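Inside the fold
Each chain, written out:
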Amino acid sequence: MSLLDLVFFGIGTTIGSGVFVLAGVVAHNYAGPSSSLSYLIAGCVAALSGLPYAELSAAFPLDGSTYSYAYITLGEVFAVMASLCQTLEYGGASAAVARSWGSKFVDWLHEGRDESNPLPSGLDSFLTPGYSINPMGAIIALLCTIILLCGVQESKMTTNVVSATKVSLIVFMIVSENTPASFSNWSPFVPPEMGASGIIDGSSILFFAFLGYDQICNLSGEAKNPVKDVPLAVVLTLMIDGVVYMLAALALTAMVPYADISTISAFPRAFGANGVAWAETLTAIGEIVTLPLVVLTGIQSQTRLFFAMSKDKLVPQFFGKLTFSEGRTCCVGEKKEDTIGNLSANVQFCGVVIVILALFVPFQYIESLISAGALFLFSLTDVCLLMIRYKCPSESFLGNVNEVDDTSIFSIATVREQLSLSRLLILLNVFSFASGLCFAFIPIAAVKYSLAAFFAILTFCVTLYIACYCPQATSTRFALEKDDGYGKPKFRTPLVPYLPALGIFCNWFMVANVGWQGIVMLLVYLLLGVAIYGGFCSGKSLTCEYENSDSYTTSLLPGRTSPTSSINSPLQETLLPSGEWEDDEAKRDLSEIETSKSVRFV
């Protein structure tokens, strides 16, 4: 996949309900004309985790996205937790969008009909059988699965065409709505009954309009130049999303007074209210045609996640099995040999599961679970970046431990042990979550704001300590800054550790505000997933097989040796792929990382 393909994929995964559904909801219920500011704030919060994604994708151009990053930096258990949250964001959200599309399609068919002009009884019974069954949601999920089974080239072409159509439709809505627009509808720009709190509340909802950009990292294995193109595609996707969302919100609120904006079908109803019937029909059809792309890209990302896990033997091997078609006919009629292959069994499994979910499961009960899982996933990515950038506080700050005989809990040796980087990151996450919990659940305003501010200050203090006293790991700094093959350094996240720490704080703060039901469901879901992993998968992964093998040092990575051992470790191979080990400090840093991986966060 080229850079253009990756950008189209990112647009396809992100732009959808953020314009067609949430724009009307936020403008009508939360922020009025200032909903554009809500989009701006939500985009900035998304960028807090988007930039770490971009850096990690350049450093580790691997399939699996956060799963792979967590596997390298935090260990197998956290990688499993990441994969569980990614499954919520990819597979779960795809089924939810498919059901939403099915309901929207049925509503569109019923629009303008009454008792004198009903749908045929057989068709109506099929479309709305009751019992929360959604046949059209299942049909669109099945159609997306069939497209993916046709092959990589066909699914890529479909993604590019539909993404371009979607952007063209939104540009049309923005430009066309300026014709009947009355900019007096922007006054007041911030409705007094909503105020600044409405802008913030709206941004917490619109944050999820940016979800999906991380799926670009899941396709690193298919990118032509993942080191260069994947991080650039992430950044470009976020920038395009932000501009499109803000312009769409401004156009919508200029066309219709915010109190009259529909929360179900904002743009078509806005055209209808201004007497532009043809634009109303075109916009409604465009929404129906372009929204399923989110389902297709979600299923595709889910299959790539399972593919990455199958290589580590955490899921059955058929998820990684490629099938090749001989003499397959491409989309332009030319026959050529299939050299790419397709994850046919993987796609079939994921497609069938998502079709069943879209057909039977009403997702209004677990929307908060999907939201909380995505936010936890973003926090985990920020932690991965901090873990790979820094190492434990240096001995020079706390003195030489060997020279201290005092063994009390206040001894330098004890303090140095307790101030490991992993424990600092635990505190960073705990304080952030505590701040959000206080703000969300304490009813007394003075206590709420005081405790929320207190834990926010503690979060900043931990971040400041990491910045001042945790030196950067030389080996990982060398890998992250290494030339990408085009004469330029790899992408680097600015303002580290402050920016990823702020991302962790914002993510956990929003997790606390999704409601106690979502928090409890996420906790139960993760515990159940880790328990299944511990019972059936623990000790059976590829890493464990190599570690238990008598030929571990010769079969894991043959032909690659370091000056200090007969073979480089997996982490060394990932960080320093060219096998350059002249830097003694780099060897020592990697040794510290590898020996502590098994006991991190203990």
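In this report, we go over the structure that sits alongside the text. Computed from a prediction, not measured in an experiment: that's the story for all the values here.

**With respect to the overall build of the protein**
Looking only at helices and strands, one finds 27 helices and two strands in the protein. Per-residue burial over the protein gives 52% buried out of 602 residues. Accessible surface, the protein: about 25,800 Å² in total, of which carbon and sulfur atoms supply 65%.

**Observations regarding the packing of aromatic side chains**
Tallied over the full model, the rule gives 23 aromatic pairs. With 5.1 Å between their ring centres and 20 degrees between their planes, Y39 and Y245 make a pair best called stacked. Of this pair, Y39 sits in helix α4 (residues 35-59) while Y245 sits in helix α11 (residues 226-255), and the two are 206 residues apart along the sequence. The class for Y39 is buried, based on a relative accessible area of 2%. By relative accessible area, which is 0% here, Y245 ends up buried. Among the aromatic residues, ring-to-ring pairing joins F306, F318, F319 and F349 into one connected group.

**Topic: the nonpolar core**
Buried together is how nonpolar side chains tend to be arranged in soluble globular proteins. With 152 residues, the main nonpolar core has V19 and F207 as its most contacted residues. The element best represented in this core is helix α16 (residues 367-389), accounting for 15 residues. Excluding residues within four positions of it along the chain, F207 makes contact with A42, V45, A46, L375, F378, N507 and M510.

**Here we look at unusual backbone geometry**
In this structure, the amide linkage connecting S187 to the following residue, P188, adopts the cis form with an omega of 0 degrees. In this fold, P188 is placed in the loop between α9 (152-176) and α10 (195-206). Each neighbour pair has its own omega, and for V496 with P497 the value is 10 degrees, a cis peptide bond. Within the secondary structure, P497 sits in the loop between α21 (474-481) and α22 (498-512). One non-glycine residue, S65, lies in positive phi territory at about 55 degrees. With respect to the helices, strands and loops of the structure, S65 is situated in the loop between α4 and α5 (66-73). Note on S65: relative accessible area 0%, which makes it buried. Look at Y131: it is not a glycine, yet its phi comes out positive at around 60 degrees. Checked against the element boundaries, Y131 lands in the loop between α7 (121-127) and α8 (135-150). Of the residues examined, Y131 reaches a relative accessible area of 79% and is grouped as exposed.

**Quick notes on helix α20 (residues 445-469)**
Compared with an ideal rise of 1.5 Å per residue, which puts 25 residues at 36 Å, α20 spans 36 Å between its outermost C-alpha atoms and is within 8% of the ideal. Buried within α20 we find K448, A452, F455, T459, V462, T463, Y465 and I466.

**What about the side chain of S57?**
Structurally, S57 can be placed in helix α4. A polar atom in the side chain of S57 sits 2.8 Å from the backbone oxygen of A54. When sequence neighbours within four positions are dropped, the list of residues in contact with S57 reads Y69, C217, P226, V230 and P231.

**Here we look at the packing of helix α1 (residues 3-14) against α9**
Orientation of α1 relative to α9, taken along the N-to-C sense of each, is 60 degrees, at an axis distance of 9 Å. Taken together, the axes of α1 and α9 lie oblique to each other. Between α1 and α9 the crossing geometry is left-handed. Contact with α1, carried on its side by D5, F8, F9, I11 and G12, involves K156, T159, N160, S163, A164, K166 and V167 of α9 and no other residues of that element. Partitioning the contact of α1 with α9 into residue classes produces five nonpolar, four polar and three charged.

**Looking at the pattern of salt bridges**
Tallying each qualifying case throughout the model produces three salt bridges. Residues E55 and R389 are paired through a salt bridge, measuring 2.8 Å at the closest nitrogen-oxygen approach. Here E55, found in helix α4, pairs with R389, found in helix α16; they are 334 residues apart in sequence, far enough to count as distant. Residues E55 and R389 agree in their burial class; the two are buried.

**Section: α4**
For α4, which comprises 25 residues, the first-to-last C-alpha distance of 36 Å matches the rise-based estimate of 36 Å (1.5 Å per residue) to within 8%. Along α4, the helix axis deviates most sharply at L48, where the bend reaches about 30 degrees; the proline P52 sits within four residues downstream. Most of α4 is tucked away, with 20 of its 25 residues classed as buried.

**Quick word on the environment of S435**
Among the structural elements, S435 can be located in helix α19 (residues 421-441). Along the primary structure S435 and K448 are separated by 13 residues, whereas in three dimensions their C-alpha atoms are 9.0 Å apart. For S435, the residues in contact, after removing those within four places along its chain, are A452, F455, A456, F505 and F509.

**Description of empty space enclosed by the protein**
All told, the structure shown has one cavity of 30 Å³ or more when counted by the stated rule. Taken as a whole, the largest cavity spans an internal volume of roughly 30 Å³. What lines the largest cavity is L148, G151, V152, S155, Q300, R304, N342 and V347. Broken down by secondary-structure element, the contributors of at least two residues to the lining of the largest cavity are α9 and α14 (293-311). Here the residues of the lining of the largest cavity sort into three nonpolar, four polar and one charged.

**Overview of the packing of α16 against α19**
Contact geometry of α16 with α19 gives a least axis separation of 11 Å together with a crossing angle of 150 degrees. Considering the angle they form, α16 stands roughly antiparallel to α19. In the crossing of α16 with α19, the sense of the turn from one axis to the other is right-handed. Packed against α16, whose contacting residues are S379, V383, L386 and M387, the element α19 presents L421, S422, L425, L428 and N429 at the interface. For the contact of α16 with α19, the per-class residue count stands at six nonpolar, three polar and no charged.

**Quick notes on a nonpolar patch on the surface**
Judged by side-chain polarity, F441, W516, V520 and V524 come together as a nonpolar surface patch covering roughly 400 Å² of accessible area. By the secondary structure assignment, W516 is in helix α23 (residues 516-537).

**Thoughts on the environment of L359**
Position of L359 among the secondary structure elements: in helix α15 (residues 344-360). Here the alpha-carbon distance between L359 and A96, two residues 263 residues apart in the chain, equals 9.9 Å. When sequence neighbours within four positions are dropped, the list of residues in contact with L359 reads R99, S132, I133, N134, P135 and A138.

Quick notes on the rules
- Residues numbered from 1 in each chain as written.
- Predicted model: local features only at pLDDT ≥ 70, side-chain atom pairs only at ≥ 80, totals over all residues.
- Heavy atoms only, no water.
- Helix = DSSP H or I, 4+ residues; strand = E, 2+ residues; numbered from the N terminus.
- Buried < 20%, exposed > 50% of the residue type's maximum accessible area, 1.4 Å probe, protein only.
- Areas by Shrake-Rupley, 256 points an atom, 1.4 Å probe, with all protein chains shown as cover.
- Phe/Tyr/Trp six-rings, centres within 6.5 Å; stacked < 30°, edge-to-face > 60°.
- Core = buried A, V, L, I, M, F, W, Y, C linked by side-chain atoms within 4.5 Å.
- Contact = heavy atoms within 4.5 Å.
- Expected span 1.5 Å × (residues − 1).
- Polar contact = N/O pair within 3.5 Å; in protein donor to acceptor, adjacent residues only side chain to side chain.
- Axes fitted to C-alpha atoms, helices over the stretch in contact; angles between N-to-C directions.
- Parallel < 35°, antiparallel > 145°, perpendicular 65-115°, else oblique.
- Left-handed = near helix turned anticlockwise from the far one by under 90°.
- Nonpolar A, V, L, I, M, F, W, Y, C, P; charged D, E, K, R; others polar.
- Salt bridge = Lys/Arg side-chain N within 4 Å of Asp/Glu carboxyl O.
- Bend = angle between axes of the 7 residues up to and from the residue.
- 1 Å grid on protein atoms, 1.4 Å probe; cavity = no way out; pocket = protein on both sides within 12 Å on 5 of 7 lines; lining within 4 Å.
- Points joined across faces, edges and corners; volume = space filled by probe spheres on them.
- Patch = residues over 30% accessible without salt bridge, like charges linked within 9 Å, V, L, I, M, F, W, Y side chains within 5 Å.

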